[in-house]
Each structure stands twice: as C-alpha cells, then as structure tokens.
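# Examining the three-dimensional arrangement
Take a look at the letters that make up each chain.
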Amino acid sequence: MNETVRSTCCYCGVGCGLLIETDGGRIVGVRGDPAHPANHGRLCSKGATLHLSSRPEYRLLHPQLRTQRDAARRRVGWDEALDFAADRFAAIIGEHGPDSVAFYISGQLLTEDYYVFNKLAKGLIGTNNVDTNSRLCMSSAVAGYKQTLGVDAPPCSYDDIGLADCLLIAGANPAIAHPIIFRRIEDARAANPGLRIIVVDPRRSETAAIADLHLPLAPGSDIALYNGLLHVLLNEGLINRDYIARHTEGFDALARTVETYTPEVVARICGLPQADIVRAGRWFGSAGAALSLYCQGLNQSAHGTHNNAALIHLHLATGQIGRPGAGPFSLTGQPNAMGGREVGGLANLLSAHRDLADPAHRAEVARLWGVAAVPEQPGKTAIELFAALRSGEVKAVWIACTNPAQSLPAQAEVRAALDAAAFVVLQEAYADTDTAAFADLLLPASSWGEKEGTVTNSERRITHVVPAVTPPGEARDDWRIAVDFARRLGQRLAQPSGDDLFPYEHPEQIFAEHRQSTIGRDLDIGGLSYSLLDSRGPQQWPFPAGASSGRQRLYEDGVFPTASGRARFVHVEHRATAEVTDASLPVSLLSGRLRDQWHGMSRTGTVARLFNLDDEPLLTMHPADLRQRELRDGDLARVRNRRGSIIVRVAADEGMPCGRAWLPMHWGSRYMNSAGVNALTTPARDPFSQQPELKHTAVAVDKAQLPWQLVVLRLADGEEAGTPALLASARRLLDEFDFATVGLYGRRRPLVILRAAHRQPLPADRLHAIDQLFGLDDDGAAIVYTDRQRQVNKRAIAPDGRLVGVRLAGETLAQGWLKEVMADDSLDAELVRWAVAPIGERPGKLPQRSRVVCRCADVTAAEITAELTSGTSLAALQEKRGCGTFCGSCLPDLRQMAAAHAAHTPGARTA
Ligand SMILES: Nc1nc2c(c(=O)[nH]1)N[C@H]1C(S)=C(S)[C@@H](COP(=O)(O)OP(=O)(O)OC[C@H]3O[C@@H](n4cnc5c(=O)[nH]c(N)nc54)[C@H](O)[C@@H]3O)O[C@H]1N2
Ligand SMILES: Nc1nc2c(c(=O)[nH]1)N[C@H]1C(S)=C(S)[C@@H](COP(=O)(O)OP(=O)(O)OC[C@H]3O[C@@H](n4cnc5c(=O)[nH]c(N)nc54)[C@H](O)[C@@H]3O)O[C@H]1N2
Ligand code: SF4
Ligand SMILES: [Mo]
C-alpha cells in the first residue's frame, strides 16, 4: 500500500522538508515538501535521489565483533555485542579512570541521539571526552558568535536572503553546498535588480558566477580583508555610531587596530586590487540591508574564530543585525549540527548552551540529570582525542555516525591512532567506511527514513521526523543503542543509576528532558512538543511556553545575551595560515565539496547518477601552473608534503589563481588507492575553537610518471542489481596499482568504472584475473584487440550485440565516449567493434549525446523534445519525468523549450 510520510533531507543544513513515498514497506520515491518553510517543495539533486540510496546491500545489517585485533570480525547478537562493549568500557574505566574512554559523534545524529551520548559521557561515566565532527565544521562559528554576540545563535532566517540589498558570501559555496539556499539567492537576484552580491573565495567557485564582485583573496587572509572593510567604513563615514554607542562595547580599541588596515596594506596581504576593497566596503556600508552568508572558508582555519568575529564586526559597526534582510548568517553544514550544539554535545559545552567552565552551569546540569556532579575538566577535542588515542592516554573510543579515518586531517596519524587504540566501537549505517576497517565492534544503526526524532537547521528551525520504513537487518536507532549500552555500563560501574538516568523507551521522552534543560535559556523551547511540530509544522527557536510562534530574527531590540547586554568587538589581527607556501611546497591546497557527493560518499557513492557531473576527484590548477609542470589536462600528478603523498588526475581551471590548487574531499580509500586529500592536510588548529585548518595546506605538485593505463567499464544488470557486487570487485583491485579510482556512472543501468595507472604493464595473467572479476572472461562473447609492440590489449563483451563490458589496457582513449554510450545503452550492434579499435577514436556515425537539461532528474533535451513532440504538455512532462520539479534551476530552460515547441506547432499546449 502506498503511503507518504513527512520527513527531512539527511544531507545538508538547509534542512529541506520532503515527502517519503513507500510501497509495501519500501521507500520508492521522494518529493520536496511544499509545506516546509525551508524549501517550499524544492530539493537539490542529492535530496531528490535519496530513495535510491538505501539499498540494503550497502548497509551494515548485523553487529560484528572481533575479540583479537588481527582476527576477522564475526557476526554476533545485540546482547553479546553490548555486553562485551560494557565489559570492556567498565574494565578500562575501572583501571584507568573515566577520562581513558571517549565518544566521537556527529552532527548527522538526531538531537535525541546526541542528547543520550552527551549524558552517557558526562552524566554516567563522568568524562567530558565527547566530541564530534562538528569540531571540523562549526566550532569556529560557535566560538565566533559567543565572543561577539554572547551565545551561539545564528540571528537570521532564510527569508532574509530575499530582503537584503547586499549579500556578502564569504568562504561559502552555496551553489554546491547549500543548493536550495542558492535557489533563494537566484530568486533574490531576479526580484531585486539593485541587489549586490560580493563573493569572497580564493578561487572562482560556482557561487562566484552570480557575484557582482568576486574577491579571490589569498587563502587565510580573511581577517585582513574584514578589518580593511571596517577601515573603509570608518573612512567613508558608513558606520552607525548610534548603534555602536547603544548596543556594543570595545569599538574604539578595534577602530584603532584597523587604522593600519588601509586598502593599500590589505590589498598587499590579500592579493586583491585596492579599488575592489573600497568598492566592497562601500556596497556593504551603503546597503539598506546587508546579509552575510559564511561557512567553511572561514571556519576551517587556524584562526577561524577571529575570521568569524571580524566578519560579525562589520554588522555590529553598521547596525546591520536584528533587522529584516540583515545579519551575520553562519550556514551550518550537517543536517543537525545545530541540534548537537543545542544539547551541548561537545567537549567544552554543556546542555542548552551552557558552559563547562561555569560552576553554576555545571551544577544546573547535574541537578537536571540527578547526578552528584558533572566533571569539570574539559574533554578532549577531536584532534586532541585522536592524539591521545595514539599516545595511549585514551584507550577506548566509541564512534557514531562519522568517518574519522577519512574526514580528519593528517590521516596517517589518525589511522595510527585507531590502530593503537585498545578498543574501537563504530556505530554505522553503511557497511564498509574507511573507519570500519579499524573497528573491533561494528554496530548497525538505522538511518534516514527509519528514525524518529528532531533536527534543527541553519535558521534555528526544528523539524520532527518520523520513520517511513523499518530499518534493514538488525539495525537499531542510535539513541536506543546508546541507552542500551548505558544501562549495561551503569550496572558494571556499580552505579545503579544507569536505569534511572536512561529510562527512555521513546525518543519523545528524551526530547522532553532536553526541552526542560532549555527553559529560561536563550534557546528556550519550553513551548514545543512533537505534536505541536506535527500540527503546526517546523518551528524556529526560541519558542518558550506560551509563545504562539518561534522567533524569526534575534536581537531586534539590540539587547545581547552578554553580561552587559551589549555585543562585543574583539581584538582581531591578520595572521598567516598555519603552513606557509615556500619554494619546496609552493602550492596552497584547498579542499571542499562537489554538488552531488556527500563527505565520504557512503550514501551518495551508491547512486550512479550522482557521479554524472563529477566521476573522478580532479585536482584543479591554473593552466600556467600545469604547463610549468609539464602537465596536461587529464594527466596524473603526485601531490605531497611531509605528511603524505597522493596521486590524482589534474584539470585546468582558469578560475584558480596561480599557486593554488583545489581537490574535492569526498574520495577516500574506498574510492581511490589513497586516503585522499586528508593524507596531506594539517592538524594545526584554532586556539579558541580547536577547529583544524582543513582549508589550507602547503604541497608540492609534480607530474607522476605512470605510462601504463587501464580502464574497466562494466554495465550492471538491472536497475541497481549487481552494482554492489561489481563495486566490491573493483575495490579489491585498488591497491594493485600506483594510481586507481573506482566509481559509478549512468542512469537506470549503472556502469561501474575502474580507472588505473601503473609504472609498468600488468602481466597477462593479472589482466585475465581482472577480466574474471568483472565477468569479462567469456571468450564466446568477447571481441579482443592486441598489439604486443605497443603493449595494448583491449577486450569487450557484447552478448547478442549489446556492449556490457569493456577492458582497455595500455591505451584507454575510448573510455570517454564508451562511458556515454554504455550508460545510455545506445550503441548499435554494428558499432560494438569500435570499443576495441586500435586508436580508441569515436565512431564517426555515433550521434552526439543530447544535452542534459534537468540534472536533478537527469533528463536530456532530446528526451524533452521527444515528449513535447508526442503531445505531452509541460505539466505532464514534469509529472512523468520529474524534470524541473526538484531544484527548479532548469525551469526557465524547460519553459523556453515548451514555448518554442508551441510556437512551431499550432495547437500545442504550453502549460
Ligand atoms: N554537496 C554537498 N553539500 C554539502 C556537503 C557535502 O559534503 N556535499 N557537506 C555539508 C557540510 S557538513 C558543510 S560544513 C558545508 C560546507 O559548505 P561550504 O563551506 O560552502 O563548502 P566548502 O566547499 O567546504 O568550502 C567553501 C568555500 O571556501 C573556500 N575557501 C577556502 N579557503 C578559504 C579562505 O581562506 N577564505 C575564504 N573566504 N574562503 C575560502 C573554498 O574555495 C570553497 O569554495 O556543506 C554542506 N553541504
Ligand atoms: N580536507 C577536508 N576535510 C574535511 C572537510 C573539508 O572541507 N576538507 N570538511 C569537514 C567537515 S565540515 C565535516 S562535517 C566532516 C564530515 O566528515 P564525516 O562525518 O566523517 O563524513 P560522513 O561521510 O558524512 O560520515 C557520516 C557517517 O555516518 C554514517 N551514517 C549515516 N546515517 C547514519 C545514522 O543515522 N546513524 C549512524 N550511526 N551512522 C549514520 C554514514 O554512512 C557516514 O559514514 O568532514 C570534515 N573533513
Ligand atoms: S539543499 Fe539539497 S542536500 Fe541540502 S537539505 Fe535541501 S535537498 Fe538536502
Ligand atoms: Mo561540515
């Protein structure tokens, strides 16, 4: 029976609402929820393909345990798994004290999950060693807000985007990372011709395309720039003296500091034209409403807290805060980074925005939980935690919903730490992330569409999510796993309080306790309940008891939650990046996101069409930088520094200033034969937020001499059937080569692609073994080409004239066109022999592939024209193929195609 359940997207912090469609207990589709205020029915390509991402073949289905490090894990029952874990934790705590264990959790957990883990560490065990991947993500934003505004609260709402006259997008790439926010920016641009958009980003990002002014500053030079803009504001009389006098403190000292940040000085530090700095200052200062949107370009820095503060200063100095269309709006990355901050699930925070350092706050939390005390000593933050695992100071770690063996910087250290740990537990939804290789105990967690609880998005809006289906295998909800473990551990620690502390049988009981902890605090949600969220829809905090709605905008009255009620200007000065480029490491390596992949790709990496935009991790550099290294587009390069070395393919990009390079963060050891970008990144971190400088590391880039190339393209059998097994086969080969990547491609019939390069040709028996692994060894259906002199060997399998697999060794030129025709299943039988043609050229008779108009639903111009020609209306076409119904960015194109068709076809319908 078909059912529809309201939920949210589990990817980014925009927090789009969606409707999950189920049939017979399986998720069969998703649509944007028109009633959700975050997205009003829109979804981006990732949200729109969520229903394709939950195949049980990829999921972790049963607990697995190994009692000896070198042994293989075996399947165990939940009782055995959790008893074993409780025994190990209790023994370690008994012998070495509470601080010898730690939890490393995630902004992708629901608030209720988070709450239980936090209480388990701080309330039951008595350690503050609970930190999260938000340390890599939002902790500088938290510290930046607290230093200036007093508490960790983004003061704005998404609606402010449409009300601003000046948008300052700094160190954020919403076109890729927050696509539905970017749709709002495009709408604002269309509606308001006077809108000015400034983008501050060291490279010409996808978002920079919409900018009126792009400032490609030197990596890490943001403080200099914002101090320089404040200098311009002061110079040009664009500050709001009245606001400063009434609502802030510390301005005069900062004004003296920024005296030296003249446009001339700042231009030199940032590598920008002076005139652009002055122009940006004037635009910001003269705007009726100025809104800043910022993210990891500011946060992931060894001075990330002050990057944030320096930007917030611009708003305080001009009074551009607490008004429609104005304010410093930190975009959150993960779907529930906000919820984690609310429950205080970080090593230096306590529940409901309380501070660990404050004895009164500690006493309040102890009272709320009914424990004697919460520990005083701050816990270890992510980087410290893994260093302590390595040194043996921390012996056991419980990891949930994050993949540190890919996402933390300096991977060699991190992996050594996981190796050194006495006991590693991983609570995961997917079977084989890079961290899973290190786990002694693997616990299967339920995931998107299967769980109940709440999430808070970037604009402080809380949504209640309910399950649409039951979890696969024996997977259980994260909060339930934590509660079950906590009760068992409580018994062993001779603290019968385990059961009393964790009496929950339903997530709403946890929510109620969390709600209680917020009463009287800045984020008071005393008026919320699951039923209110269901009946009146998602709500923004604060929402105290008796309120009729949440607060759209904070600080409208100019009163800030500081001791004096005033916001603070703090002393910020330009500082260099932790690592400076020099002659031996001349390139600044930046990293970040691609539109269609999510972090370590455990989920997005299973959906073929999410590889269609980018199916390999490419290191982009300026063409001149490539030329200087004798690299051509598509060549392989070695990227190295003293921490590591990886090989990747390069691509020319005029938008990368010389001396900078860019690599996506998504490919780890399951998709390529290295740890990816974090083999190279630095663990250097901000002194206030402890967030590491993931956005900049100094590297050398040189041509990699790997002349022998291999590509395998293998079509899976059914819609998705066979793909997991083929992917697993390809993965087994990764380490055989000096360079290798695996991935998917295509649409209804996915292709699995292995690309490799090696310093010398592989012997024939190895090639044969590869053919066997991919089912290409059936001599009856094979077409083969061999040129011993050139050491070229090609093989294609085409049963009944239909090309289903190709292996090219020695020369791989045909892979480009083969990938397209195989994914489309469009190669005529008579052209199949071209697959193994000597030079790999494209057959002249092959029609050019039609342009993809809707990338979300993957519909081409030819398909749209065919539908229109057969009499389908635009509305019916949208309904049938889904095009234009997700993010909406192709709608103008679609409408134009329909209109053009109508103009040429009397009587055709355009609506
Ligand atoms: N498609 C997709 N979307 C995602 C995610 C994903 O994995 N995939 N992850 C989500 C998460 S958790 C997060 S945190 C967000 C991140 O969202 P964003 O921060 O918007 O994305 P990033 O690509 O990490 O980095 C943003 C930009 O910072 C720039 N940058 C680098 N160094 C500097 C600098 O020194 N100064 C300035 N001003 N800019 C700099 C980079 O060139 C990059 O374009 O995305 C979220 N959304
Ligand atoms: N070089 C570089 N490194 C970076 C960044 C960068 O820009 N550059 N960005 C950093 C940032 S901002 C972030 S947020 C991190 C992200 O880094 P990670 O947190 O390591 O990334 P994910 O791949 O999202 O990991 C989440 C894991 O949880 C699993 N999972 C999904 N749903 C559930 C569930 O319901 N329960 C459980 N238990 N597990 C589940 C997924 O399968 C996945 O393996 O990476 C950081 N690392
Ligand atoms: S913008 Fe895309 S990834 Fe982010 S919540 Fe919305 S649909 Fe999901
Ligand atoms: Mo993040």
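Bear in mind that the values here come from a model prediction, so they are computed numbers and not experimental data.

This part takes up the overall build of the protein chain. Of regular secondary structure, the protein chain possesses 29 helices and 36 strands. Once the C-alpha set of the protein chain is aligned to its principal axes, its extents read approximately 80 × 65 × 65 Å. Taken over 911 residues, the protein chain has a buried fraction of 64%. Counted over contacts in the protein chain with a minimum sequence separation of 6, partners at least 24 positions apart contribute 71%.

Every residue near ligand 3 is listed here: Cys9, Tyr11, Cys12, Val14, Gly15, Cys16, Leu43, Cys44, Lys46, Gly47, Pro179 and Ile180. Put simply, the parts of the chain that give the shell around ligand 3 at least two residues each are α1 (45–48) and α6 (179–191). Broken down by class, the residue content of the shell around ligand 3 amounts to nine nonpolar, two polar and one charged.

Turning our attention to the UniProt feature "domain: 4Fe-4S Mo/W bis-MGD-type" (unreviewed entry) in the protein chain. On the UniProt side, "domain: 4Fe-4S Mo/W bis-MGD-type" (unreviewed entry) is annotated at positions that read residues 2–58 here. From the first C-alpha to the last, residues 2–58 spans 25 Å; its make-up is 7% helix and 37% strand.

A separate point is the pattern of salt bridges. Tallying each qualifying case throughout the model produces 63 salt bridges. One salt bridge in this structure joins Glu393 and Lys380, with 3.0 Å as the shortest N-O distance. Of this pair, Glu393 sits in the loop between α16 (382–391) and β16 (396–400) while Lys380 sits in the loop between α15 (359–369) and α16, and the two are 13 residues apart along the sequence. Since its relative accessible area comes to 46%, Glu393 is described here as partly exposed. A residue is classified by how much of its surface remains accessible, and Lys380, at 17% relative accessible area, is buried.

Surveying the vicinity of ligand 2 reveals 33 residues, the closest of which are Asn133, Ser407, Glu428, Ser602 and Asn678. Taking Cys401, its main chain carries an N or O atom lying 3.4 Å from an oxygen atom of ligand 2. Surface burial for ligand 2 is 97%, taken as the share of its 920 Å² of free accessible area covered by protein chains. Taken together, the residues of the shell around ligand 2 sort by class into 10 nonpolar, 18 polar and five charged. Both domains that furnish three or more residues to the shell around ligand 2 are identified here as domain 2 (79–136 + 336–456 + 474–505) and domain 4 (587–703).

Looking now at helix α18 (residues 411–420). Two residues of an α-helix separated by three or four positions point the same way, owing to the 3.6 residues in each turn. Every buried residue belonging to α18 is among Gln411, Val414, Arg415, Ala417 and Leu418, and all of these are buried. Projected onto a plane normal to the axis of α18, the buried residues spread over an arc of 155 degrees and lie on a single side. Exposed side chains of α18 directed beyond 90 degrees from the buried face belong to Ala412 and Asp419. Residues of α18 that are buried in the fold lie against α16, β16, α17 (404–407) and β17 (423–428).

Relative to each other, helix α27 (residues 861–869) and helix α28 (residues 874–881) sit at 130 degrees, their axes nearing to 10 Å. Relative to α28, the element α27 lies oblique. Here α27 runs over α28; the crossing is right-handed. Two secondary-structure elements touch here, α27 through Glu863, Ile864, Glu867 and Leu868 and α28 through Leu877, Lys880 and Arg881.

Moving on to the pairing of strand β9 (residues 196–200). Most of β9 sits out of view: four of its five residues are buried. Both strand β8 (residues 166–170) and β9 contribute to a ladder of five bridges, which runs parallel. Within β9, the position partnered with Cys166 by the bridge is Arg196. Where β9 lies against strand β10 (residues 213–215), three bridges are found, and the strand directions are parallel. Pairing of Val199 across the sheet is with His214, part of β10.

Another aspect to go through is the domain arrangement of the protein chain. By a widely used convention, the size of an interface equals the accessible area lost when the partners come together. In terms of domain boundaries, the protein chain breaks down into domain 1 (3–54), domain 2 (79–136 + 336–456 + 474–505), domain 3 (139–330), domain 4 (587–703), domain 5 (708–836) and domain 6 (852–904). A C-alpha centroid distance of 38 Å is found between domain 3 and domain 6.

The next thing to look at is the nonpolar core. Counting 80 residues, the largest nonpolar core has Leu619, Phe774, Leu803 and Leu818 as its most contacted members. By residue number, the principal contributor to this core is strand β29 (residues 708–715), which donates six residues. Here this core spans two domains, and each of domain 4 (587–703) and domain 5 (708–836) adds at least three residues to it. Within the second largest apolar cluster, 68 residues are counted, among which are Ile239, Ala280, Ala310 and Val570.

For α15, every residue scored as buried is listed here: His361, Arg362, Val365, Ala366 and Trp369. Here the buried residues of α15 occupy an arc of 135 degrees about the axis, which is enough to place them on one side. Structural note: α15 exposes Pro359 and Arg367 on the side pointing more than 90 degrees away from its buried face. In the segment just after α15, Gly370 is the residue with positive phi, at about 70 degrees.

The final tally for this structure, using the stated rule, is 16 aromatic pairs. On the basis of an interplanar angle of 65 degrees and a centroid distance of 5.8 Å, the ring pair of Phe84 and Phe423 is categorised as edge-to-face. Of this pair, Phe84 sits in helix α2 (residues 78–96) while Phe423 sits in strand β17, and the two are 339 residues apart along the sequence. Classification of Phe84 as partly exposed rests on a relative accessible area of 22%. A ring pair is formed by Phe251 and Phe569, whose centres lie 4.9 Å apart and whose planes are at 65 degrees; its orientation type is edge-to-face. Here Phe251 is found in helix α9 (residues 251–258), whereas its partner Phe569 is found in the loop between β22 (567–568) and β23 (587–592), with 318 residues between them in sequence. Each member of the pair, Phe251 together with Phe569, is buried. Here the aromatic cluster, defined as three or more aromatic residues joined through ring pairs, consists of Phe84, Phe89, Phe103, Phe117, Trp398, Phe423 and Phe485. A cation sits over an aromatic face here: Arg203 above Trp662, 3.4 Å from the ring centre.

So, on to the packing of helix α4 (residues 139–149) against helix α13 (residues 304–318). Between two packed helices, the angle of one axis relative to the other and the distance separating the axes together describe the packing. The contact between α4 and α13 brings their axes to 8 Å, and the two run at 45 degrees. Between α4 and α13, the angle falls in the class oblique. Here the hand of the crossing between α4 and α13 comes out right-handed. Within the contact between the two elements, α4 uses Ser140, Ala141, Ala143, Gly144, Tyr145, Gln147, Thr148 and Leu149 and α13 uses Gly304, Thr305, His306, Asn308, Ala309, Ile312, His313 and Leu316. A class-by-class count of the residues in the contact of α4 with α13 yields seven nonpolar, nine polar and no charged.

This paragraph deals with the side chain of Asn39. With respect to the helices and strands, the residue Asn39 is situated in the loop between β3 (26–32) and α1. Given the relative accessible area of 2%, Asn39 is considered buried. At 2.8 Å, the side chain of Asn39 and the backbone nitrogen of Gly17 are in polar contact. Excluding residues within four positions of it along the chain, Asn39 makes contact with Cys16, Gly17, Gly32, Asp33, Ile180 and Arg184.

On to the environment of Thr577. By the secondary structure assignment, Thr577 is in the loop between β22 and β23. For Thr577, a relative accessible area of 13% translates into the label buried. For the pair Thr577 and Ile197, spaced 380 residues apart in sequence, the C-alpha to C-alpha distance is 27 Å. Discounting residues that sit within four places of it in the chain, Thr577 has contacts with Pro219, Gly220, His303, Glu693 and His696. Of the polar contacts made by the side chain of Thr577, one reaches the backbone oxygen of Glu579; its length is 2.8 Å.

Spatially, β23-β27-β24-β26-β25-β28 is the arrangement adopted by the six strands of the closed barrel, whose pairing is mixed. Taking each pair of neighbouring strands and ignoring which way they run, the sheet shows an average axis angle of 45 degrees. Of the strand pairs in this sheet, strand β24 (residues 618–621) and strand β26 (residues 644–652) are connected by four bridges, and their pairing is parallel. What sits directly across from Leu619, in β26, is Val650.

You can see Gly722 is positioned in the loop between β29 and α24 (723–732). Judged by relative accessible area, which is 33%, Gly722 ranks as partly exposed. On a C-alpha basis, the gap between Gly722 and Asp355 in space is 51 Å, while along the polypeptide they are 367 residues apart.

Analysis parameters
Residues numbered from 1 in each chain as written. Chains lettered and ligands numbered in written order. Predicted model: local features only at pLDDT ≥ 70, side-chain atom pairs only at ≥ 80, totals over all residues. Heavy atoms only, no water. Helix = DSSP H or I, 4+ residues; strand = E, 2+ residues; numbered from the N terminus. Buried < 20%, exposed > 50% of the residue type's maximum accessible area, 1.4 Å probe, protein only. Contact = heavy atoms within 4.5 Å. Near = heavy atom within 4 Å. Nonpolar A, V, L, I, M, F, W, Y, C, P; charged D, E, K, R; others polar. UniProt positions renumbered as here; feature names shortened; annotations may be inferred. Salt bridge = Lys/Arg side-chain N within 4 Å of Asp/Glu carboxyl O. Polar contact = N/O pair within 3.5 Å; in protein donor to acceptor, adjacent residues only side chain to side chain. Areas by Shrake-Rupley, 256 points an atom, 1.4 Å probe, with all protein chains shown as cover. Domains from an automatic or database assignment. Arc of directions from axis to C-beta. Axes fitted to C-alpha atoms, helices over the stretch in contact; angles between N-to-C directions. Parallel < 35°, antiparallel > 145°, perpendicular 65-115°, else oblique. Left-handed = near helix turned anticlockwise from the far one by under 90°. Pairing = 2+ DSSP bridges. Core = buried A, V, L, I, M, F, W, Y, C linked by side-chain atoms within 4.5 Å. Phe/Tyr/Trp six-rings, centres within 6.5 Å; stacked < 30°, edge-to-face > 60°. Lys NZ or Arg CZ within 6 Å of the ring centre and 35° of its normal.

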